[in-house]
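Examining the three-dimensional arrangement
The primary structure of each chain is shown beneath.
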Amino acid sequence: MKSFSHKPLLWLLTCLLLIACQFLPTAATQLPAATQPAALPASTEAPRPAAVTQAPAIAVEPVATALPAPTQVVLPPVDNGKIAYEHLSYLSGQLGPRRPGSKAETAAAEYIRDVFEGIGYATETQPFAFEDEDGDSLGSQNIIAVKPGISNQVIIVGAHYDSGSEAAGADDNASGVAVMLEAAEAVYSRQTPYTLVFIAFGAEENDLDGSYAYVEQMSRNEIEDTVAMVNLDSLVAGDLAYIYGDDGPGTLLDWTMELASDSGFLLDFRAADELDNPDGSRCECADYDPFQLEEIPFIYFEATNWELGEQDGMTQVDPSLGENGEIRHTRYDTIDTINRLFPGRIEHHLNLFTTLLIDILTEYQS
């Protein structure tokens with residue numbers, strides 16, 4: 001047998017080892033990046049996957065859209081009532097109690113006249129005499145401003161400016177006058193379906209003397225041409241907002257209730273006969289009364305709470321507050337007290353009633 005030499009084999013193994021060593025460093029540098037965190041700069045984060053930064057289109061739609069629609073989808077406007085607040089502050093804060101026939105009541109009448117004329121209205125002062133509870137003869141006045149409309153038919157807007165003897169009368173009734181004055185300014189340059197007659201009544205607290213004095217001088221044609229009377233009284237202290245009046249299809253009350261709902265306002269109502277006394281006699285408790293006697297349709301805005309006390313609308317707030325739940329005609333009828341007891345209520349109610357009144361005057365047609 002022929003013998004085998006080892007030199008060729010050793011040479012071959014040496015060559016293979018050299019070739020393998022050339023490839024080993026290259027393979028080490030191609031390890032996955034995740035195994036080498038030191039390869040990234042210390043202050044740099046790894047980029048996020050595109051799926052995270054680009055959410056599917058369907059996820060952009062808010063989840064809330066899948067929920068049932070809210071009852072009120074239109075938010076109430078927030079701009080109305082600011083001018084009314086200024087008038088409220090002057091009448092109740094600067095002038096204070098405005099007893100019928102007093103100098104303060106006369107000063108309030110002059111202020112209202114100046115505001116109307118400052119807007120651009122021509123005004124009429126209607127003086128009248130009355131007897132107070134002591135039988136003394138006194139004088140007061142109604143302040144009247146007229147805005148011509150497309151029709152000669154009329155909507156009357158009324159609010160009394162006097163107050164109880166001891167009350168500053170912020171709620172009763174600087175609030176009603178304040179809403180009327182802001183609405184009169186808002187509609188002055190706008191086209192209105194009806195002629196508008198704004199009346200600030202004097203001596204309401206005595207015996208509705210101002211409103212009776214006005215109605216007594218109306219002619220039969222003027223009564224028949226009056227589409228509606230809107231009474232504004234005690235609008236800011238009570239818990240809830242109400243409208244009273246003749247109800248039924250086509251009435252201003254029903255139209256206003258629908259308007260309030262569409263505008264996102266909470267407004268409750270009571271039919272005209274619910275204002276009557278328990279024996280069925282007329283209430284004779286607000287300036288709509290003489291107009292109702294002449295069968296002029298009316299609505300009456302008020303803030304109170306028919307769910308409290310004897311549920312007759314006389315209890316405005318919780319009976320533990322004010323005087324057994326009444327703010328009007330008491331020492332609590334001031335802006336400061338109402339704001340302290342019910343923060344934000346004055347602004348909310350002024351906004352609500354001013355907005356509705358402006359819309360009535362510019363949009364309602366019977």
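A brief report on the enclosed structure follows. Remember, it's a predicted structure, so these values are computed and weren't measured experimentally. (Residues numbered from 1 in each chain as written. Predicted model: local features only at pLDDT ≥ 70, side-chain atom pairs only at ≥ 80, totals over all residues. Heavy atoms only, no water.)

What follows covers the state of the cysteines. Under the criterion given, the structure shown has 1 disulfide. Between the sulfur atoms of Cys283 and its disulfide mate Cys285 the distance is 1.8 Å. Taking the sign of the S-S torsion, about 125° here, the bridge from Cys283 to Cys285 comes out right-handed. With a relative accessible area of 21%, Cys283 lands in the partly exposed category. Taking the relative accessible area as the measure of exposure, Cys285 reaches 37% and is therefore partly exposed. (Disulfide = S-S within 2.5 Å. Buried < 20%, exposed > 50% of the residue type's maximum accessible area, 1.4 Å probe, protein only.)

This part is about the environment of Thr330. Here Thr330 lies in the loop between strand S8 (298-304) and helix H11 (335-341). Considered as a pair, Thr330 and Asp172 are 158 residues apart in the sequence and their alpha carbons are 9.8 Å apart. (Helix = DSSP H or I, 4+ residues; strand = E, 2+ residues; numbered from the N terminus.)

We now examine the side chain of Thr354. Relative to the elements of secondary structure, Thr354 occurs in helix H12 (residues 345-363). A distance of 2.6 Å separates a polar atom in the side chain of Thr354 from the backbone oxygen of Leu350. (Polar contact = N/O pair within 3.5 Å; in protein donor to acceptor, adjacent residues only side chain to side chain.)

There is about 560 Å³ of room inside the largest pocket. Along the walls of the largest pocket sit 28 residues, with Cys283, Cys285, Tyr300, Met314 and Arg328 positioned nearest its centre. At the level of elements, helix H6 (204-207) and S8 are the ones that each hand at least two residues to the lining of the largest pocket. In terms of residue count, the dominant contributor to the lining of the largest pocket is H6 (4 residues). Its residues assigned to classes, the lining of the largest pocket shows 9 nonpolar, 7 polar and 12 charged. (1 Å grid on protein atoms, 1.4 Å probe; cavity = no way out; pocket = protein on both sides within 12 Å on 5 of 7 lines; lining within 4 Å. Points joined across faces, edges and corners; volume = space filled by probe spheres on them. Nonpolar A, V, L, I, M, F, W, Y, C, P; charged D, E, K, R; others polar.)

Let us look at the environment of Leu253. In this fold, Leu253 is placed in helix H9 (residues 252-263). What makes Leu253 buried here is its relative accessible area of 1%. Measuring from C-alpha to C-alpha, the distance between Leu253 and Ile243 comes to 7.1 Å, with 10 residues separating the pair along the chain. Setting aside its immediate chain neighbours within four residues, Leu253 contacts Ile243, Tyr244, Gly245, Asp246, Asp247, Phe269, Arg270 and Ile299. (Contact = heavy atoms within 4.5 Å.)

In any sheet, the strands associate via hydrogen bonds between backbone groups, in a parallel or an antiparallel arrangement. Read across the open sheet, the 8 strands follow the order S1-S2-S4-S3-S5-S8-S6-S7; overall the sheet is mixed. The sheet is open, and its two borders are formed by strand S1 (123-131) and strand S7 (268-271), each paired with just one other strand. Neighbour to neighbour, the strand axes of the sheet diverge by 20° on average, direction disregarded. Sheet topology places strand S3 (residues 151-160) next to strand S4 (residues 194-201); 8 bridges connect them, and they run parallel. Looking at S4, one finds that Gly158 is bridged to Ile199. Contacts from helix H5 (residues 170-187) reach strand S2 (137-147), S3, S4 and strand S5 (226-232), with the element oriented near 150° to S3. (Pairing = 2+ DSSP bridges. Axes fitted to C-alpha atoms, helices over the stretch in contact; angles between N-to-C directions.)

As enumerated under the stated definition, the model contains 15 aromatic pairs in all. Here Phe116 and Phe198 contribute two aromatic rings whose centre-to-centre distance is 6.3 Å and whose plane-to-plane angle is 35°, an arrangement assigned as tilted. Residue Phe116 is found in helix H4 (residues 103-119), and its partner Phe198 is found in strand S4; the two are separated by 82 residues along the sequence. No difference in accessibility class separates Phe116 from Phe198, as the two residues are buried. The interplanar angle of 70° and the centroid separation of 4.9 Å between the aromatic rings of Tyr121 and Tyr188 together place this pair among those described as edge-to-face. (Phe/Tyr/Trp six-rings, centres within 6.5 Å; stacked < 30°, edge-to-face > 60°.)

This paragraph deals with the pattern of salt bridges. With the rule as written, the count across this model stands at 9 salt bridges. A salt bridge links Glu274 to Arg270; its shortest N-O distance comes to 3.8 Å. Overall, the relative accessible area of 40% leaves Glu274 in the partly exposed class. Accessibility expressed as a relative area gives 13% for Arg270, which makes it buried. What emerges from the salt-bridge pattern is a single network uniting Asp268, Arg270, Glu274 and Glu307. (Salt bridge = Lys/Arg side-chain N within 4 Å of Asp/Glu carboxyl O.)

Everything listed here is a matter of coordinates, which is why it stays silent on function.
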